Amino acid sequence: MKAVGLIVEYNPFHNGHRYHIAQAKKVTGADVVVAVMSGNFVQRGEPALLDKWTRAKLALEAGVDVVVELPVFYAVQPSHLFAEGAVRLLAALGIHDIVFGSENPDIDFISLAQQAPKVDSGQNFTNRNQTFASSYAQQLADTTGFELKEPNDILAFGYARAVLELQVDMRLWPIARQQAGYHDDDFGPDQVIASASSIRLALHKHKLEKIVPVVPENTLAAVQNNANTIDFEAPFWQLLQYRLLTDTVGQLGQVYQMAEGLEHRLAATAAAKQGPQSYQSFIKSVKSKRYTFARIQRTLLYTLLNIKVDQMQAAMQDPYLRILGFTSQGQQYLNSIKREATLPIISRVDMSLAKANLRLDYKAGKVWQLLANQATEEQDVGHAPIQL
């Protein structure tokens, strides 16, 4: 059986994702579609609108055959680590093809990555008026002539670098994005494909009827069933304030990606008498030219989850394949490769596993439940994979 890999968030699942699945099968001739999907928190450091099980079920109903969770220690990372983690999991499942959206699908990203400067080479990251990503993109443009600035292209470049660094046998298949740009914040009444960003914005504005043309019916039903839990900002801000106000600066300084005294800035801003009154205003207060909004958001999520540097580093050295769901075709594929898989395959989690290998995902799931006011819904322990 030939399998094709997808690297996804499905936040939420929409018509563009359905097109992606169909194209992945078409261009590769694959029998099985395997999706590595972020869990309850996504790459930009935000809670997913719907829990990982709901999103896995929507994916399976739309043509995916196996859904594997991208653990939080890979999912909530800058693009190169996000990409490396996802490629590592797909390679461990014996997959040799990845299909992804791109703003420049004619680019040979493997060749680009081969020509690219090393991340730690060239000018040091000393310009405090420029993010590391911008600094590296300039080095890449100077070296190769290609300006790496579009979101999907940045991820594609990350996949290519991961393939080379991990030395895996994998082919990359870029396909053109359709109708909507990654950062589009709106869409017209005639569109059937819209960006996930614009769909989330419509939902935050309580315009459920607006998304009807751009999502499958089961996504619409799932969103309707969770209409009261998709706005996480207020509870996120409350829990984050608690962490910032009760941890010492020394404790905050041990949080993953807390660098260059950022913990002092966060603690002082949170404690200010006339300080920010919302999560968004807090981010704006601590933002600097040196860090992107996504970097700040990820650091704040690490702070909320209380993920320390040593915990993150240890978790990244011990990855696994957590199966969230499969179809009958997907089950056949898993049975055919389980002896050759190069990482442990986990289909059911008990408490001992939740407190060991899956400790960060277990913690993340519990916090997501608090944010969604679904504290009685078990995300991990005893939860069997979805079977369709």
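The structure presented is a predicted model; accordingly, all values stated were derived computationally and were not measured. (Residues numbered from 1 in each chain as written. Predicted model: local features only at pLDDT ≥ 70, side-chain atom pairs only at ≥ 80, totals over all residues. Heavy atoms only, no water.)

Draft legend 1. Representation of the overall build of the protein chain in the model. Looking only at helices and strands, one finds 18 helices and 8 strands in the protein chain. Expected size for 388 residues packed as a compact globule is a radius of gyration near 21 Å; at 20 Å, the protein chain falls within 12% of this value. Principal axes of the C-alpha set define a box for the protein chain whose edges measure 60 × 55 × 50 Å. Within the protein chain, counting contacts between residues at least 6 apart in sequence, those at least 24 apart form 73% of the total. Here the protein chain has roughly 17,300 Å² of accessible surface; of this, 47% comes from carbon and sulfur atoms. (Helix = DSSP H or I, 4+ residues; strand = E, 2+ residues; numbered from the N terminus. Rg over C-alpha atoms; globule rule 2.2 N^0.38 Å. Contact = heavy atoms within 4.5 Å. Areas by Shrake-Rupley, 256 points an atom, 1.4 Å probe, with all protein chains shown as cover.)

Draft legend 2. Just the pairing of strand β4 (residues 97-102), in detail. With 5 of 6 residues buried, β4 is to be regarded as a mostly interior element. Relative to strand β5 (residues 171-176), β4 runs parallel, the two sharing 6 bridges. Across the sheet, the residue bridging to Ser-102 is Ala-176, located in β5. (Buried < 20%, exposed > 50% of the residue type's maximum accessible area, 1.4 Å probe, protein only. Pairing = 2+ DSSP bridges.)

Draft legend 3. Region of interest: the environment of Leu-266. Among the structural elements, Leu-266 can be located in helix α12 (residues 262-271). With 22 residues separating them in the primary sequence, Leu-266 and Leu-244 have C-alpha atoms 7.2 Å apart. Setting aside chain neighbours within four positions, we find Leu-266 in contact with Leu-244, Met-258, Phe-282, Val-286 and Leu-300.

Draft legend 4. The arrangement of helix α10 (residues 233-246) in detail. With 14 residues, α10 should reach 20 Å at 1.5 Å per residue; the first-to-last C-alpha distance of 20 Å fits that figure. Taken as a whole, α10 has its buried residues at Phe-236, Trp-237, Leu-240, Arg-243 and Leu-244. Summarising the axial view, the buried residues of α10 lie within an arc of 125 degrees, below the 170-degree limit, and thus occupy one face. Within α10, the exposed residues directed more than 90 degrees away from the buried face are Ala-234, Gln-238, Tyr-242 and Leu-245. Looking at the buried positions of α10, the neighbouring elements they touch are α11 (249-252), α12, α13 (279-286), α14 (293-305) and α18 (359-371). (Expected span 1.5 Å × (residues − 1). Arc of directions from axis to C-beta.)

Draft legend 5. Geometry of the environment of Val-99. If you trace the backbone, Val-99 turns up in strand β4. Discounting chain neighbours no more than four positions away, the residues touching Val-99 are Val-4, Gly-5, Leu-6, His-20, Ala-24, Val-27, Thr-28, Trp-173 and Ile-175.

Draft legend 6. Spotlight on the side chain of Lys-308. Structurally, Lys-308 can be placed in the loop between α14 and α15 (309-316). A distance of 3.2 Å separates a polar side-chain atom of Lys-308 from the backbone oxygen of Gln-251. What Lys-308 contacts, discounting residues up to four positions off in sequence, is Gln-251, Gln-254, Val-255 and Tyr-256. (Polar contact = N/O pair within 3.5 Å; in protein donor to acceptor, adjacent residues only side chain to side chain.)

Draft legend 7. View of the pattern of salt bridges. The tally for this structure, following the rule as stated, stands at 11 salt bridges. The salt bridge partner of Glu-69 is Lys-52, with a shortest N-O separation of 3.1 Å. With a gap of 17 residues between them, Glu-69 in strand β3 (residues 66-70) and Lys-52 in helix α2 (residues 52-61) connect regions that are remote in the sequence. Of the two residues, Glu-69 and Lys-52, both sit in the buried class. Within the structure, one salt-bridge network assembled from shared partners comprises Lys-52, Glu-69, Arg-322 and Asp-380. (Salt bridge = Lys/Arg side-chain N within 4 Å of Asp/Glu carboxyl O.)

Draft legend 8. Geometry of α13. The set of residues buried in α13 consists of Tyr-279, Phe-282, Ile-283 and Val-286. For α13, the arc enclosing every buried residue in end-on projection is 100 degrees, short of the 170-degree limit, so these residues lie on one face. Where α13 is buried, its residues contact α10, α12 and α14.

Draft legend 9. Just the nonpolar core, in detail. The biggest cluster of nonpolar side chains holds 91 residues, and the ones touching the most others in it are Val-34, Val-68, Phe-157, Tyr-159, Leu-240 and Phe-282. Top element by residues in this core is helix α4 (residues 79-92). It accounts for 8 residues. Not counting chain neighbours up to four residues away, the residues in contact with Tyr-159 comprise Ile-7, Phe-82, Ala-83, Val-87, Phe-100 and Leu-172. The next biggest cluster of nonpolar side chains, apart from the first, holds 37 residues, and it includes Val-8, Phe-13, Val-99 and Val-215. (Core = buried A, V, L, I, M, F, W, Y, C linked by side-chain atoms within 4.5 Å.)

Draft legend 10. Region of interest: the packing of aromatic side chains. Tallying each qualifying case throughout the model produces 10 aromatic pairs. Arranged with centres 5.0 Å apart and planes meeting at 70 degrees, the rings of Tyr-256 and Tyr-302 form a pair that is edge-to-face. In this pair, Tyr-256 sits in the loop between α11 and α12 while Tyr-302 sits in helix α14, placing the two residues 46 residues apart along the sequence. Accessibility classification places Tyr-256 together with Tyr-302 in one group, the buried group. In this structure an aromatic cluster arises from ring pairing among Phe-73, Tyr-74 and Tyr-320. The ring of Phe-187 is capped by Lys-210, whose NZ or CZ atom sits 5.1 Å from the centre of that ring. (Phe/Tyr/Trp six-rings, centres within 6.5 Å; stacked < 30°, edge-to-face > 60°. Lys NZ or Arg CZ within 6 Å of the ring centre and 35° of its normal.)

Draft legend 11. Just the environment of Lys-289, in detail. Looking at where Lys-289 falls in the secondary structure, it is placed in the loop between α13 and α14. Overall, Lys-289 belongs to the exposed group, its relative accessible area being 58%. As for Lys-289 and Ala-113, which are separated by 176 residues in sequence, their C-alpha atoms are 27 Å apart.

Draft legend 12. The packing of α2 against helix α9 (residues 217-225), seen in detail. Following both chains from N to C, one finds α2 and α9 inclined at 165 degrees, their axes separated by 10 Å at the closest point. Comparing their axes, α9 and α2 come out roughly antiparallel. In this structure, the crossing between α2 and α9 has a hand that is right-handed. Only Asn-218, Thr-219 and Ala-222 of α9 make contact with α2, whose side of the interface consists of Thr-54, Leu-58 and Glu-61. The residue inventory of the contact of α2 with α9, partitioned by class, reads 2 nonpolar, 3 polar and 1 charged. (Axes fitted to C-alpha atoms, helices over the stretch in contact; angles between N-to-C directions. Parallel < 35°, antiparallel > 145°, perpendicular 65-115°, else oblique. Left-handed = near helix turned anticlockwise from the far one by under 90°. Nonpolar A, V, L, I, M, F, W, Y, C, P; charged D, E, K, R; others polar.)

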